[in-house]
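Close look at the chain arrangement
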Amino acid sequence: MTSPTPTTEAAGRSSELYRWALFCFLVFALKLLLFAIDPLPKLYMGDSGSYLWTAVSGWIPDDRSYFYGYVIRWTSFWTESLTPLLALQVCLSTISCILFASICRFIFKLPARWAYLFGFLCAIDPLQLLYERYVMTEAISLSLYAFVVYHSLLYLRDRRLRDLAIMQVVSVLLIGFRMSFLLQVQINTVLLPLIAFTPAVLKHLRHPSTESASRLSAVRACGGHLLVSVVLMFLLHTGYKRANGWVSEREPAYLHGTGLVLLAGWGSVLQPGDAADSRLADLISKGDEFGLRNPDLKNSQHFAPNYLIDRWSKIEPDPLKADRLAQKTALHALRRDPLGVLGIGWHTYAGYWNVDAMKQCAEMDFSFGNPPDTDLIARLASRFHLTYTNDPTTKSAAQQYYVAAWPYYFLILLSPLLSGLTIVRRFGRPYAIFLFVHISIMLAMSMTFGGESIRYLQPVSFMTLLVLALGAKALLRPVREDKDQAVTEEQRINVQPAPTPRPDVRSLAHPAFI
């Protein structure tokens, strides 16, 4: 077969560029159309109230990232409307879909039509569409997470330090919008260099005849990239903690309420002996008064009046000391009963496996049972000209679609199994390992500290679609190989050998031929 000419290659690149530009335009048009159908901002209390209060007053919450509050201020105060904020979120959600399709096309090497198909599936993901309309961090944080995933997979493909550095820089912005990604970011720091270089190191170890210099080179490269990754994370995260301490006028920290979050989340396994303070031990011993042993009440233990954190805050009014003692107590419980802590997550996970429960969890995300107070409603009306309604009987189009998509949420719950199968079947193993680790961490965190909500599965949904795309690549490969083999066979049959020219008798008699 002859190699393609430069003109053919240029035409192919031009055609690919045209199709890619058309895909980007269609995704953006689809997002705008869906936004026009359902354009009203929505609130989830009390997260939305916390972010709005940060925007208005500059207050920094103890248990939430604070960057989003400033985005509200920069986009909505000068227009006196939340619509520019939602428009920004729709645009960033579109970028998430384009990054998703880029991963499918240029990293997983899916055929163009399949990459575009998965890109459109990402665009209509109910977990994306709903939170584009909420005054919540989900849409912005997912776009940043998609950027982190994209450069992480690029690093696994090319092993370039540039991608590793970009990943670390964007990761700091990511945790600034949503601190629940912190564990993924920290594990990514070590995981990526190990996944990238382990195959080369193992190859040299399996073949002792390979030159020792080559083996040493692979180990040095792995160690060098690992060192750069760790140092970058340490410097950038130290800067973030100092910035957080500066704006909140407190000591440097990721959050100033981490201990209280852990104490409430693991409340059902606490024992008085775990307590780092006798007053907290006495409170834990009286846990039956406020349902401490019930893992379904972990959100109430954190936020509701007269539950664990509210009672502990009244006993120890110093926020710094209360949080420090709570963190020590929670970590004691983890060391004493790690299986019990895992059991909390398993209890939440098992509770989702019911159709009615899944639909109820989806409707819980609309916050109909926890409306804004009258003061916040008045602020929304005066500052953003927004009339807030809280009528459960009038769900928006995005909310109706969110509930109707309940079968898809069961697939998300199976995503660790699906990603594990891609590892076993060697479907792009480095990428599959990366997806499996991230999905497992996110699902474990959401089940342990979340509950009665589907919104915690939003980034897991993005990764689940990537797992499906990776699996589709493996399933399409045999089909493409069969087609290529058939084309090759057909060309072999159709191409006849050139006939051997018969000698011209007259030319043989020519004097020049003698």
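To be clear, the structure that these remarks concern was listed above.
These lines cover the structure that appears in this document, whether it is placed above or below. In this text the structure is predicted, and so the values were computed from the model without any measurement.

Considerations on the environment of Ile124
Turning to its location among the elements, Ile124 is positioned in the loop between α5 (112-123) and α6 (126-131). In this structure the C-alpha to C-alpha distance between Ile124 and Leu34, which are 90 residues apart in sequence, comes to 9.3 Å. Excluding its chain neighbours within four sequence positions, the residues that come into contact with Ile124 are Leu30, Leu129 and Tyr401.

Considering empty space enclosed by the protein
Counted by the stated rule, this structure contains 1 cavity of 30 Å³ or more. Size it by volume and the largest cavity reaches roughly 30 Å³. Together, Ser93, Ser96, Gln128, Glu132, Ala139, Leu142 and Gln458 line the largest cavity. Contributions of two or more residues to the lining of the largest cavity are made by α4 (83-107) and α7 (138-158). In terms of residue class, the lining of the largest cavity is built from 2 nonpolar, 4 polar and 1 charged.

Side note on the environment of Leu443
As for its placement among the helices and strands, Leu443 is situated in helix α22 (residues 429-449). Relative accessible area serves as the criterion here: at 6%, Leu443 is assigned to the buried category. Between the alpha carbons of Leu443 and Pro459 there is a distance of 9.4 Å; along the sequence they are 16 residues apart. If near-sequence neighbours (up to four positions away) are discounted, Leu443 is found in contact with Tyr349, Leu413, Pro416, Leu457 and Val460.

Thoughts on the packing of helix α19 (residues 397-404) against helix α20 (residues 406-413)
Axis separation between α19 and α20 bottoms out at 5 Å; the angle between their running directions is 55 degrees. Between α19 and α20, the angle is such that the two are oblique. Across the interface between the two elements, Tyr402, Val403 and Ala404 of α19 pack against Trp406, Pro407 and Tyr409 of α20. Along the lines of polarity and charge, the residues of the contact of α19 with α20 split into 6 nonpolar, no polar and no charged.

A closer look at the packing of aromatic side chains
Counting across every chain of the model gives 28 aromatic pairs. Plain terms: the ring middles of Phe67 and Tyr240 are 5.8 Å apart, the flat faces sit at 65 degrees to each other, and that makes the pair edge-to-face. On the criterion of sequence distance, the pair formed by Phe67 in helix α3 (residues 67-76) and Tyr240 in helix α10 (residues 212-248) is long-range, its members being 173 residues apart. Judged by its relative accessible area of 4%, Tyr240 falls in the buried class. Through successive ring pairs, a cluster of aromatic residues spans Tyr66, Phe67, Tyr70, Trp74, Phe177, Tyr240 and Tyr254. Directly above the aromatic system of Phe77 lies the positively charged group of Arg383, at a separation of 4.6 Å from the ring centroid. For the cation-ring pair, Arg455 lies above Tyr456, with the distance from its terminal atom to the ring centre recorded as 4.7 Å.

Conventions used here
Residues numbered from 1 in each chain as written. Predicted model: local features only at pLDDT ≥ 70, side-chain atom pairs only at ≥ 80, totals over all residues. Heavy atoms only, no water. Helix = DSSP H or I, 4+ residues; strand = E, 2+ residues; numbered from the N terminus. Contact = heavy atoms within 4.5 Å. 1 Å grid on protein atoms, 1.4 Å probe; cavity = no way out; pocket = protein on both sides within 12 Å on 5 of 7 lines; lining within 4 Å. Points joined across faces, edges and corners; volume = space filled by probe spheres on them. Nonpolar A, V, L, I, M, F, W, Y, C, P; charged D, E, K, R; others polar. Buried < 20%, exposed > 50% of the residue type's maximum accessible area, 1.4 Å probe, protein only. Axes fitted to C-alpha atoms, helices over the stretch in contact; angles between N-to-C directions. Parallel < 35°, antiparallel > 145°, perpendicular 65-115°, else oblique. Phe/Tyr/Trp six-rings, centres within 6.5 Å; stacked < 30°, edge-to-face > 60°. Lys NZ or Arg CZ within 6 Å of the ring centre and 35° of its normal.

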